[in-house]
Amino acid sequence: MRSRQRMFAAVMRLLLKCLRLGRRRRFKLVRQVEQLWHYGRLCLRSLLYNSFTNGDVVLDSLFEPVYWLVDHVTRWFGVVFVALVIGLTSSIVAIVYICLLPLILQTYTPAWICWHLAYGHWNLIMIVFHYYMAITTSPGHPPQAKNDLTGVSICRKCIAPKPARTHHCSICNKCVLKMDHHCPWLNNCVGHYNHRYFFSFCLFMTMGCIYCSISGWEMFRDAYAAIERMKLLEKERLQVAANQTYYQTPPPTFSFRQRAFHKSVVYLWVLCSSVALALGALTLWHAALITRGETSIERHINRKERQRLQKKGKVSTAHSMGAGWGRARRDAPLPVLQVFRNPYSYGSWDNWKVFLGVDVPRHWLTRVLLPSPHLPHGTGLSWDLPPCVTEQRAPLLAI
C-alpha cells in the first residue's frame with residue numbers, strides 16, 4: 001500500500017513539474033512574441049517617421065498607384081487626344097463649309113455675309129495657329145549641366161539644378177520651366193514657352209464655339225423639328241406599308257441629303273455648345289490665374305504657404321486686415337500684420353502685359369489679335385523685372 005502511495009506521489013510530482021515547465025515555456029513564448037511585436041513596431045515607426053507628415057502626405061501616398069496609372073495612360077493616349085481634337089474640329093469646319101455656307105450666301109444680306117466670312121476665317125486661323133504652336137513648341141527645360149544659376153534647388157528625380165518656378169513632369173519625365181500642367185489634348189506640357197499659345201487656343205476655341213452656337217441657334221431649332229417630323233412620317237409610312245391596299249400610297253420620305261443636312265446641324269450645335277461650356281470654364285480659370293500671376297501648381301503652393309503662415313500668426317487675411325484697421329482707427333493702434341503676396345505678380349494689368357508679351361500699344365494688334373510667334377519675357381531660368389512693368393513688384397510678405 002505504501003509503495004503504491006509513494007509511486008502515486010512520485011507521478012504527481014513529475015506531472016506538476018511538467019505543468020510548471022510548460023507554463024514557464026508558454027509564458028516565455030508569449031513574452032518573446034510581445035518583444036518581437038514591440039521591436040518591429042518601433043523599427044517601422046523609426047523608418048516611416050517624418051515630422052512633416054500630415055493627412056495630405058498620407059493621402060498622396062495612398063493615391064500614388066492611381067497617379068502612376070494616370071501618368072502612363074496619359075503618356076500613351078496623348079496622340080489619340082490630339083487626333084480627336086483635330087478630327088472634331090475638322091468635322092465642324094467641314095459642316096460649316098458644306099452645309100451652312102451655301103445657305104448663308106443665299107439668305108443673308110451682304111453686310112452679314114462679310115461679317116461671317118471675316119470673323120469666321122479670322123477665328124479659324126487663330127485656332128489653327130495657336131494649337132499648332134502649342135503642340136510643337138517645347139515648354140522649356142533647364143540645362144542638365146552645371147551652370148551659374150543662383151537660388152536653385154536640386155530635382156530629386158532628375159538630380160539636376162531646378163530654377164525657380166520649375167517643376168518635374170512625371171509624364172514627360174523632365175523638369176519644365178514655369179510648368180502649369182501637362183495637357184493630354186496637346187500631348188505636351190504647358191510651360192514657359194508655350195503657355196501663351198495654350199491659353200490663346202482655349203480662348204479662341206471658346207469664342208469660335210460660342211459664335212457657332214449663337215449663329216446656328218435658329219438652324220438648330222429648324223433641324224431638330226425637321227428630324228422629329230422625319231420620325232413621325234417614318235412611323236406613318238411603316239403603318240401604311242403594313243395596311244397598304246391597291247389605292248393607298250405611302251407618305252413622302254426625306255432624301256438622304258436632307259437627313260444628313262439636319263443631323264449635321266444638330267451635331268454642330270450640340271458639340272459647339274458642350275465645348276463652349278467646358279472649355280469656357282477652363283479658360284476663365286486660367287484667366288484668373290494669369291491675373292494673379294500664378295500657374296496652376298503655384299496656386300496650390302501659395303495657398304499652402306498662406307495657410308502655414310496664418311497658423312503661425314505671421315500674416316493675416318484681407319478680411320481680418322480690414323477689421324483690424326477699423327478698430328485701430330477707433331481705438332488704440334493694433335500690431336500691424338502682413339499680407340501674403342505672390343512674388344511673381346506685378347499687378348493685374350501688368351501680369352497680362354507680361355503674359356501676352358505686350359511692350360508697346362501696337363503689340364495688342366500685332367501680338368494678340370494676329371498670329372505672332374514672339375517669345376515670352378525672360379528665359380525661364382531667372383525672373384528679372386520685364387521692361388513693360390512700370391512698378392516694382394511686391395515682396396513675398398508685404399504690408
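Quick notes on the rules
- Residues numbered from 1 in each chain as written.
- Predicted model: local features only at pLDDT ≥ 70, side-chain atom pairs only at ≥ 80, totals over all residues.
- Heavy atoms only, no water.
- Helix = DSSP H or I, 4+ residues; strand = E, 2+ residues; numbered from the N terminus.
- Buried < 20%, exposed > 50% of the residue type's maximum accessible area, 1.4 Å probe, protein only.
- Contact = heavy atoms within 4.5 Å.
- Areas by Shrake-Rupley, 256 points an atom, 1.4 Å probe, with all protein chains shown as cover.
- Patch = residues over 30% accessible without salt bridge, like charges linked within 9 Å, V, L, I, M, F, W, Y side chains within 5 Å.
- Salt bridge = Lys/Arg side-chain N within 4 Å of Asp/Glu carboxyl O.
- Expected span 1.5 Å × (residues − 1).
- Arc of directions from axis to C-beta.
- pLDDT = per-residue confidence, 0-100.
- UniProt positions renumbered as here; feature names shortened; annotations may be inferred.
- Phe/Tyr/Trp six-rings, centres within 6.5 Å; stacked < 30°, edge-to-face > 60°.
- 1 Å grid on protein atoms, 1.4 Å probe; cavity = no way out; pocket = protein on both sides within 12 Å on 5 of 7 lines; lining within 4 Å.
- Points joined across faces, edges and corners; volume = space filled by probe spheres on them.

Colleague: Outline the overall build of the protein chain, supporting the account with residue identities and numerical values.
Modeller: Counting its regular elements, the protein chain contains 11 helices and 8 strands. The burial tally for the protein chain puts 32% of its 399 residues in the buried class. When contacts within the protein chain are restricted to residue pairs at least 6 apart in sequence, those whose partners lie at least 24 apart make up 67%. Of the roughly 26900 Å² of accessible surface on the protein chain, a fraction of 65% belongs to carbon and sulfur atoms.

Colleague: An account of a nonpolar patch on the surface is requested, with residue identities and associated values reported.
Modeller: On the surface, a nonpolar cluster with roughly 680 Å² of combined accessible area is contributed by Trp68, Leu69, Val73, Trp76, Phe77 and Val80. Looking at the secondary structure, you find Phe77 in helix 3 (residues 64-107).

Colleague: How would you summarise the pattern of salt bridges if you had to cite specific residues and measurements?
Modeller: Overall, the coordinates contain 5 salt bridges when judged by the stated rule. Across the pair Lys231 and Glu228 runs a salt bridge whose closest N-O atoms are separated by 3.9 Å. Taken together, the residues span about one helical turn, with Lys231 and Glu228 both in helix 6 (residues 217-242) at a distance of 3 residues. Across the salt bridge formed by Arg308 and Glu305, the nearest N and O atoms sit 2.4 Å from each other. You can see Arg308 and its partner Glu305 sitting in helix 8 (residues 296-312), 3 residues apart, about one turn around the helix.

Colleague: How would you explain helix 8 if you had to name every residue and give the values?
Modeller: With 17 residues, helix 8 ought to run about 24 Å at 1.5 Å a step, and its terminal C-alpha atoms sit 25 Å apart, in line with that. For helix 8, the complete set of buried residues consists of Glu298, Asn302 and Leu309. Each buried residue of helix 8 sits inside an arc of 30° when the element is viewed along its axis, so together they form one side. Once helix 8 finishes, Gly313 follows within two positions and takes phi at roughly 80°, a positive value.

Colleague: Mind laying out the confidence of the model for the protein chain, listing which residues take part and the relevant values?
Modeller: Residues shown with low pLDDT carry predicted positions that ought not to be read at fine detail. When the pLDDT values of the protein chain are averaged, the result is 81; 76% of them are 70 or greater. Taking the mean pLDDT of every element in the protein chain, the minimum, 38, falls on helix 9 (residues 318-330) and the maximum, 96, on helix 5 (residues 195-215). In this model, residues 318-335 is a region of pLDDT below 50 whose contacts with residues beyond four sequence positions or in other chains number 9 contacts. pLDDT under 50 marks residues 394-399. Its contacts with residues more than four places away, or in other chains, come to 21 contacts.

Colleague: Could you give an account of the UniProt feature "transmembrane region" (unreviewed entry) in the protein chain, with specific residues and numbers?
Modeller: Per the UniProt record, "transmembrane region" (unreviewed entry) is found at residues 76-100, 112-133, 197-220 and 265-288. Between the C-alpha atoms that bound residues 197-220 the distance is 32 Å, and the span itself is 96% helix and 0% strand.

Colleague: Can you lay out unusual backbone geometry for me, pointing to particular residues and giving the numbers?
Modeller: Even without being a glycine, Arg165 presents a positive backbone phi close to 70°. With respect to the secondary-structure elements, Arg165 resides in the loop between strand 2 (161-162) and strand 3 (167-169). Arg165 gets classed as buried once you look at its relative accessible area, which sits at 10%. In this model, Asn187 sits at a positive phi of 55°, which is unusual for a non-glycine residue. Relative to the assigned elements, Asn187 resides in the loop between strand 5 (181-183) and strand 6 (188-190).

Colleague: Any details on the packing of aromatic side chains? Residues and values, ideally.
Modeller: For any pair of aromatic rings, geometry is given as the distance between the ring centres together with the angle between the planes. Overall, the coordinates contain 16 aromatic pairs when judged by the stated rule. With a centroid separation of 5.4 Å and 90° between ring planes, the pair formed by Trp122 and Phe204 is classed as edge-to-face. On the criterion of sequence distance, the pair formed by Trp122 in helix 4 (residues 110-136) and Phe204 in helix 5 is long-range, its members being 82 residues apart. Here Trp122 falls in the partly exposed class, since its relative accessible area comes to 25%. Both rings, one in Tyr131 and one in Phe201, keep their centres 4.7 Å apart while their planes meet at 45°; by these two values the pair is tilted. Taken as a pair, Tyr131 in helix 4 and Phe201 in helix 5 lie far apart in primary sequence, 70 residues in all. Residue class for Tyr131 comes out buried when judged on its relative accessible area of 8%.

Colleague: Run through the layout of surface pockets, naming residues and quoting values.
Modeller: Approximately 1000 Å³ is the volume found for the second largest pocket. In this structure, the second largest pocket is lined by 42 residues; those nearest its centre are Thr89, Ile92, Ile127, Met205 and Cys209. If you list the elements that add at least two residues to the lining of the second largest pocket, you get helix 3, helix 4, strand 5, helix 5 and helix 7 (256-292). With 11 residues, the top contributor of residues to the lining of the second largest pocket is helix 3.

Colleague: Explain the side chain of Thr166 to me, and be specific about the residues and the numbers.
Modeller: Looking at the element boundaries, Thr166 is found in the loop between strand 2 and strand 3. Its relative accessible area of 2% is what places Thr166 among the buried residues.

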